[in-house]
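The primary structure of each chain is shown beneath.
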Amino acid sequence: MTQDMTSPSEPLDNEYTAEDIQVLGGREAVRRRPGMYIGSIDQRGLHHLVYEIVYNSIDEAMAGCCNKIVVTIQKDSAVRVEDNGRGIPIDIHPATNISAVETVMTTLHAGAKFGGHIYQVSGGLHGVGASVVNALSSWLKVNVRRDGKLYQQEYRQGIPQTEVTEIGQASDTGTTITFLADEGIFSTVNYDFNTVSECLREMAYLNKELEICLKDERKDNQKTFYFEGGITSFVRQLNRGRVVRHHHPIYISKMVNSTIVEAALQYNEGFTESTFSFANCVNTMDGGTHLTGFRSALTRVFNDYAHKNKLLREDEPNLVGDDVREGLTAIISVKLTEPQFEGQTKAKLGNSEVKSEVESVVSEGLSLYLEEHPDEAKRIIEKCITASKAREAARKARDLVIKRSSLDTSTLPGKLADCSEKEPSHCELYLVEGPSAGGSAKQGRNRRFQAILPLRGKIINVEKAPSDKTLSHEEIRAIITALGAGIDDEFDLSKLRYHRVILMTDADVDGSHIRTLLLTFFFRHMVKLINHGHLFIAQPPLYRIKTPKFQQWVYSEEEKGTVMRKLREAKKVEIQRYKGLGEMSAEQLWETTMDPATRTLLSVSIDDAARADHIFHMLMGNEVPPRKAFIQAHAKSVKNLDI
Ligand code: 0RA
């Protein structure tokens with residue numbers, strides 16, 4: 001702290017009080033280690049600044065005092081967040097002699113409970129609030145409309161530049177915060193409209209009847225989100241394009257103690273689960289007590305109902321969690337006064353009391369629903385029973401695969417051309433489409449560390465098949481066995497035989513379809529492979545451009561244009577298009593696509609589980625047009641990684 005005060009870059013005012021020292025200490029800590037507070041300093045972190053400010057307004061909405069939030073990305077890359085809440089109080093705290101608004105804007109963790117006002121519920125990604133955004137902004141301006149007056153205070157890098165000043169009249173109440181992210185801290189101040197808009201859409205789902213508007217003044221774009229149905233609308237949207245098993249999502253909501261519990265669920269005819277959980281509008285990617293409570297209620301209520309109504313005989317096994325989650329799309333949202341976020345990424349809700357609160361609310365609501373909707377109840381439970389029977393069959397199939405895959409190399413698939421190196425971190429496995437490309441790859445590879453598994457054209461669409469079918473599919477089994485790490489819950493990263501799994505498919509529509517099928521399989525059954533950065537996509541060239549003196553491989557239409565412009569003067573330019581891997585010789589395939597010294601690999605990553613899930617459903621579900629459009633638009637939209 002002393003260091004902060006003596007830092008020469010700090011234009012300190014002699015009148016600063018003890019509280020300010022702490023404030024500045026916080027400011028300095030945030031600026032020194034921004035990643036600790038907002039995750040990162042790239043575009044993702046930049047977006048968090050916006051969300052942090054929006055969360056403050058959402059708090060106001062959750063308290064029932066605000067129904068409209070407008071977020072504007074300005075031409076100068078500053079962002080303005082405007083709400084019609086009560087307005088941050090401006091009164092001066094007698095002990096500190098500092099205005100409430102200044103305290104909110106400069107003190108870490110101020111905001112949730114403040115000046116005796118206890119918020120009913122409070123959000124905030126890391127619970128850090130506006131002061132962090134302030135510290136990381138080259139300038140920030142807060143305007144408060146309250147008691148018929150308009151107040152303003154300005155800051156630079158989190159340091160107040162003015163007092164809270166009355167600058168005019170106001171006909172309503174609310175708060176407007178405008179900030180410019182500090183370019184000295186962030187690697188970019190370029191906001192992505194779609195990313196921000198998807199996040200705001202989610203917040204609008206989670207707060208029914210709250211209108212959230214995003215405006216982009218950089219290119220005159222704007223979107224407004226308002227969902228009367230709240231999370232029911234969310235579930236409908238997630239199930240969009242899927243065949244549903246009952247028409248209306250089930251909606252449950254109740255307040256217990258001071259926790260608001262809300263759940264919406266709807267079954268579809270698919271086989272995968274899409275449940276997303278939120279605590280105070282924060283997506284708890286790693287679940288937590290609310291999700292656990294929800295799940296145990298689901299299993300218990302369905303078993304009780306099934307037995308009571310003779311849908312399940314006494315001698316039949318109870319439904320287990322997996323059975324009641326097949327084809328389930330659900331949102332579980334809790335709002336509580338003091339959320340505790342746990343785990344490395346703070347993406348797991350820890351409050352232990354929440355489990356029983358959610359369990360009792362969901363049990364009660366779901367039982368009531370089943371009693372009142374016997375037809376729907378029967379349809380849902382019959383699906384669970386079918387799942388239970390299929391699971392038994394799947395378990396047998398899986399045991400077989402796992403047994404085989406965990407044995408030594410003598411049980412590896414016959415088609416696998418393995419590498420000689422045994423240390424997984426040095427080994428690569430190419431999954432290659434088609435036998436002729438497989439042949440070239442086998443010849444062209446470096447057999448010391450590169451293994452090849454040729455796949456026959458079609459891969460099963462896991463989105464449309466129950467898991468026993470998936471696991472008895474020959475190509476899928478070959479992949480599982482070759483990787484050696486098992487599958488689903490039993491997937492064990494430490495057994496993975498290759499740390500780079502590389503999809504190598506043709507650069508055409510069929511190729512991208514096969515790649516999507518493979519990606520879907522990995523997403524559904526080996527998501528850890530993706531999350532730990534072991535999955536890659538090879539980039540074969542599209543063209544070879546040749547003159548008598550010059551030859552170049554070209555990987556995109558854009559690059560082709562550039563090269564051709566350079567060769568404008570050249571005579572005898574020969575352009576050869578490569579549609580398939582099979583058209584290349586073994587040497588060419590090595591040189592262009594497999595040689596670590598010259599190739600480009602795309603690393604597959606999942607940034608946002610909800611979006612990825614939706615994309616996969618859209619791609620693999622029954623609705624063809626969106627799938628086609630998506631594949632065409634995003635065939636290459638995976639992060640670039642140079643190796
Ligand atoms: C502290 C107390 C009260 C409201 C707020 C903060 C508040 C903060 C933000 C941040 C963005 N928009 C906001 N709106 C309100 C309660 C005020 C009262 O009781 O009148």
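Rules used in this analysis
Residues numbered from 1 in each chain as written. Predicted model: local features only at pLDDT ≥ 70, side-chain atom pairs only at ≥ 80, totals over all residues. Heavy atoms only, no water. Axes fitted to C-alpha atoms, helices over the stretch in contact; angles between N-to-C directions. Helix = DSSP H or I, 4+ residues; strand = E, 2+ residues; numbered from the N terminus. Parallel < 35°, antiparallel > 145°, perpendicular 65-115°, else oblique. Left-handed = near helix turned anticlockwise from the far one by under 90°. Contact = heavy atoms within 4.5 Å. Nonpolar A, V, L, I, M, F, W, Y, C, P; charged D, E, K, R; others polar. Salt bridge = Lys/Arg side-chain N within 4 Å of Asp/Glu carboxyl O. Buried < 20%, exposed > 50% of the residue type's maximum accessible area, 1.4 Å probe, protein only. Pairing = 2+ DSSP bridges. Phe/Tyr/Trp six-rings, centres within 6.5 Å; stacked < 30°, edge-to-face > 60°. Lys NZ or Arg CZ within 6 Å of the ring centre and 35° of its normal. Core = buried A, V, L, I, M, F, W, Y, C linked by side-chain atoms within 4.5 Å.

What exactly am I supposed to notice about the packing of helix α4 (residues 43–62) against helix α7 (residues 193–206) here?
The relative placement of two packed helices is expressed as an angle between their axes plus a distance between the axes. Between α4 and α7, whose axes approach to 11 Å, the crossing angle comes to 25°. One element, α4, and the other, α7, form an angle in the roughly parallel class. For the pair α4 and α7, the crossing hand works out as right-handed. Contacts between α4 and α7 involve H47, V50, Y51, V54, Y55 and I58 on the former and, on the latter, T195, V196, C199, L200 and M203. Tallied by class, residues from the contact of α4 with α7 come to 9 nonpolar, 2 polar and no charged.

How should I be thinking about the pattern of salt bridges in this particular structure?
Side chains that differ in sign of charge can pair as their charged atoms come close. Tallied over the full model, the rule gives 32 salt bridges. Put simply, K308 and E371 hold a salt bridge, and the shortest N to O gap is 3.5 Å. You can see K308 sitting in helix α9 (residues 289–308) and its partner E371 sitting in helix α11 (residues 353–372), a full 63 residues away along the chain. A residue is classified by how much of its surface remains accessible, and K308, at 60% relative accessible area, is exposed. Put simply, K355 and E359 hold a salt bridge, and the shortest N to O gap is 3.1 Å. Remark: E359 and K355 occur in helix α11; sequence separation between them is 4 residues, near one turn of the helix. Taking relative accessible area as the criterion, K355 reaches 31% and is therefore assigned partly exposed. Taken together, the shared-partner salt bridges connect E273, R295, D322 and R325 into one network.

Sorry, what's going on with the sheet that holds strand β17 (residues 282–283) here?
Reading across from one edge, β14-β15-β18-β16-β17 is the order of the 5 strands in this open sheet, with mixed pairing throughout. Looking at the sheet topology across the chains shown, the edges are occupied by β14 (250–256) and β17. Across 8 bridges, the pairing between strand β15 (residues 259–267) and strand β18 (residues 328–335) is antiparallel. Along β18, the bridge assignment pairs Q266 with T329.

Sorry, what's going on with the packing of aromatic side chains here?
For any pair of aromatic rings, the description consists of the separation of the ring centres together with the inter-plane angle of the planes. For the structure on display, the rule yields 6 aromatic pairs. Taken together, a centroid distance of 6.0 Å and an interplanar angle of 40° make the contact between F234 and F278 tilted. Of the two residues, F234 sits in helix α8 (residues 231–238) while F278 sits in strand β16 (residues 274–279), which places them 44 residues apart along the sequence. For F278, a relative accessible area of 1% gives the class buried. Directly above the ring of F536 sits R500, whose terminal nitrogen or CZ lies 5.9 Å from the centroid.

Before we go on, may I ask you to explain the sheet that holds strand β27 (residues 574–577) in this structure?
Two orientations exist for strands paired in a sheet by backbone hydrogen bonds: parallel and antiparallel. Pairing within the open sheet is antiparallel, and its 3 strands lie in the order β26-β25-β27. With one partner strand each, in any of the chains shown, β26 (550–554) and β27 form the two edges of the open sheet. This sheet shows a mean twist of 15° between the axes of neighbouring strands, independent of strand direction. Sheet analysis places strand β25 (residues 543–547) next to β27, joined by 4 bridges and oriented antiparallel. From the neighbouring strand, R544 faces β27, where its bridge partner is Q576. Of the strands in this sheet, β25, β26 and β27 are in contact with helix α18 (residues 557–566), which crosses β26 at around 160°.

Help me out: how do you make sense of the nonpolar core in this one?
Looking at soluble globular proteins, one finds that nonpolar side chains tend to be buried together. Grouped together as the largest cluster of nonpolar side chains are 102 residues, with contacts concentrated most on F179, L265, F294 and F302. Counting residues per element, this core draws most heavily on α4, at 10 residues. What F294 contacts, discounting residues up to four positions off in sequence, is A263, L265, T275, L328, A330, I332, V358 and V362. Membership of the second largest hydrophobic core comes to 41 residues, among which are C427, L429, L535 and V604.

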